Amino acid sequence: MVIEVSGPSVTLAEVPGLQIGTRDPYLVTAMGTKASLDALAQSPGVLTVRGSTQSGSFECAVSIPHIGATKIHEELDERGEMALIALIDNGLDVLHESFRDENGKTRVVAFWDQKDSCAPASNNAARQARSMSAGRAMVDAFGLTYGALYAAADLQGFIDGILPVPGTFPKTQLMAHGTTVASIAAGRRTGEARDIHFPGGIAPAALLIVVRYDLQELSVGYSMGHIDALAFIDKLATKEGKPVVVNISNGMNAGAHDGTSPVEQKCQVFTANGQAKGRVIVKSAGNERGKGRHAKLKVGNGSIAELRWRSAAVVAGGKSVPEIIELWFPNRNQYRFRVKPPTGGYAPVIFQDPTAKELHELLENSNQIDAVLRPFNPENGDGSLHLELSRGNATEVEGGEWLLEFSGVNVQERQPIHAWVEETLNRHLFFLDHVDDEVTITIPGTAEDVITVGAIDIAASSQMMKPYGNSSSGPSRKGQEKPEVVAPGVGVRGALFGSGRGVDEPTKGKSGTSVAAPHVTGAIALALSAQAKCAGEEQFNSNQIKAALQQSVRHLSVWNETTGYGELNARELLRLLAKV
C-alpha cells in the first residue's frame, strides 16, 4: 500500500501489523493487515491509503542496425560499459550468456526479487536461509524490508555451479518478458549461428540492475514495489558511481493520466524533475490503442448520459480479481453516478455529499461494489470516481453489459470526463460507448520527465513509420505531448529464456511497446557511457537526453499523438550530444 501523510511528524509506529518499506515526509510505502488498514483509517495524520490494483499485461539482428547502434559499436567503439541499465520487470534469466561479459562474468550487479514472499528481508532467519551472503550484505546496507536480494557474487556462484540456486528463485519461464526486454537493451552476442545464438543488443557491455516487481502481483501506478525499486536503483547507482537509465516496460490505466500518480511523482523525484545528472527513466507507451479501455464524454448541466462496458471471463472458473474503472473530471463539475449490473436494479446513487460519496454495497446480482468519489483528489485537486467491482457472494463478477449513469448536477466547465478500465486478469473488459483511442498512454508514462516510447513496424516499412496497431496514443489528460519517440516494436526477437545462449524462434518475435522501449533505453545507455569517458565533462541529465532525442529522430516533425516527434536514431543522438 501507499500511504499519504500530513507530514514527517506522523510516524505510524503505533499501527498494528504495519511493515514500512520506504518513506519521505509525505509518502510511505508499507505492507499490512486488515487491522493495519482499520487503524490507518482512524489516524488523523493519514490523508489517503492507496491499495494496489492489478497491473497491465504485457529481430534484434535487424532492429539494432536499423536504429544506428551498430555504427556506434563499430565507429565509436562504444558499448555502454560505463553505464548502468536498470530493469523493473518480471525478472531476467541470469543464466543466459547474453548477460555475461566476454570473460563469462555476470553483468548483473544486483537482482532484487520483490515477489519472494518466502524470504522477507525483514525476517532475519528467513533472510539468512534464503538469501546468499553477498545479497544479505546488500540488504543490510540498503535497508530493504521485503523480498530476496542476490548480488553479483551470488549470481556468479549460480553460473559457476558453486552455489545451489535457491528453491524460491523464480523459474526462467516466469521471467520471459524481462529476459527479452533486457536482451534488447543490453544483451551481448552469444555466437555467430543465425537462429541459434542471440545476436546482441544495443548496449552489450552495460551493467544491469534487475528488480522483479512487484509485491503480490500488485499494480504499477500505486505500487510500493515500483516506488521502492526506484529508491533502491538510485542508491545502488550512487554506490557504483555510474549513470543509470531505468526501463519500465509495464504500466496501468488506473490514475489521472497527468503525471500526478504516486509512482509518477517518485519518477520525478528520481530524475529531480529532469535535472539529476545520470538519472533517466524510459517507459513503454502501452498497448491500449484499439482495446476500448478509454472513454471520453461530456454531460451537460441538467442532463443524463450513460457509459456502458462489457465484462466477460476469458476462462470460466479462473481466478477472480476486482474489476476497476476510474473517472477523472474538473473539480468545478458535480455529477451523480449510478451503476447498473447486467441483471438486477441500480446501485444507490454516488454523489458529492458526506453521506453518499462512498458506497460499499452488495448488489442484487450478489456482486460487490466499492466506490469512492473525491471532489478534490489529493493527487491533483481534480474530481475522481474510483469503482471496484468484485464477485461478492457470487462465483465471479457477472459477465455481460454493465452501465454507469451520469447526471449533470452543476457543470461549470466544458472539459470532458475521462474514464479508463483496467486490464484485469482472466477478464475481457472494454467500453461500448464514447470510446477514444487518444489519452491511452499507461502510467507512469504520463510523468513529465519520463521518456515515453511508442512502437512501429520496420518490416512493414523501413522508410516510413508504420505504428504498431495497439501502440498507445497521447497526449496526457492535460495535453502533455506523449509519447516522445517511437522505436522498432513488431516481431523483435530477443534472448530466449532457459536456452543458455539462444534467441527467440523466427515465428515467435515479440510485438508491442514493451520491446520498443528498450531500444531507446540501450541508446541512452550508450550516450551516458560515452559521456562518462569524457574527463572533466558533466554527465547528461534527463532534460538534455529528452531534448536531444527529439531533435535527432528520423522523420522529425511536429508532435503526433502516436509517433511522437519521430523515430529513434541512436547514431544521430550521440552525434548531437557530442556537441553539448
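Residues numbered from 1 in each chain as written. Predicted model: local features only at pLDDT ≥ 70, side-chain atom pairs only at ≥ 80, totals over all residues. Heavy atoms only, no water.

1. Side note on the confidence of the model for the protein chain
And step 1. Looking at the protein chain as a whole, its pLDDT mean stands at 87, while 89% of the residues score no less than 70.
And step 2. In this model, residues 124-130 is a region of pLDDT below 50 whose contacts with residues beyond four sequence positions or in other chains number 15 contacts.
And step 3. In the predicted structure, residues 218-222 sits below a pLDDT of 50 and forms 34 contacts with residues beyond four places in sequence or in another chain. (pLDDT = per-residue confidence, 0-100. Contact = heavy atoms within 4.5 Å.)

2. So, the pattern of salt bridges
And step 1. Under the definition given, this model contains 25 salt bridges.
And step 2. In this structure, the salt-bridge partner of D113 is R212, at a minimum N-O distance of 3.3 Å. Residue D113 is found in strand β6 (residues 108-113), and its partner R212 is found in strand β8 (residues 207-212); the two are separated by 99 residues along the sequence.
And step 3. Judged by its relative accessible area of 8%, R212 is buried. (Salt bridge = Lys/Arg side-chain N within 4 Å of Asp/Glu carboxyl O. Helix = DSSP H or I, 4+ residues; strand = E, 2+ residues; numbered from the N terminus. Buried < 20%, exposed > 50% of the residue type's maximum accessible area, 1.4 Å probe, protein only.)

3. Focus: the sheet that holds strand β17 (residues 383-390)
And step 1. If you walk across this open sheet you meet the six strands as β11-β19-β13-β17-β16-β15, and the pairing is antiparallel. Lying at the two open borders of the sheet, with one neighbouring strand each, are β11 (294-297) and β15 (358-362). The sheet shows a mean angle of 10 degrees between the axes of neighbouring strands, taken without regard to direction.
And step 2. As paired elements, β11 and strand β19 (residues 417-421) share four bridges and run antiparallel to each other. Note on β19: the bridge partner recorded for L297 is I417. (Pairing = 2+ DSSP bridges. Axes fitted to C-alpha atoms, helices over the stretch in contact; angles between N-to-C directions.)

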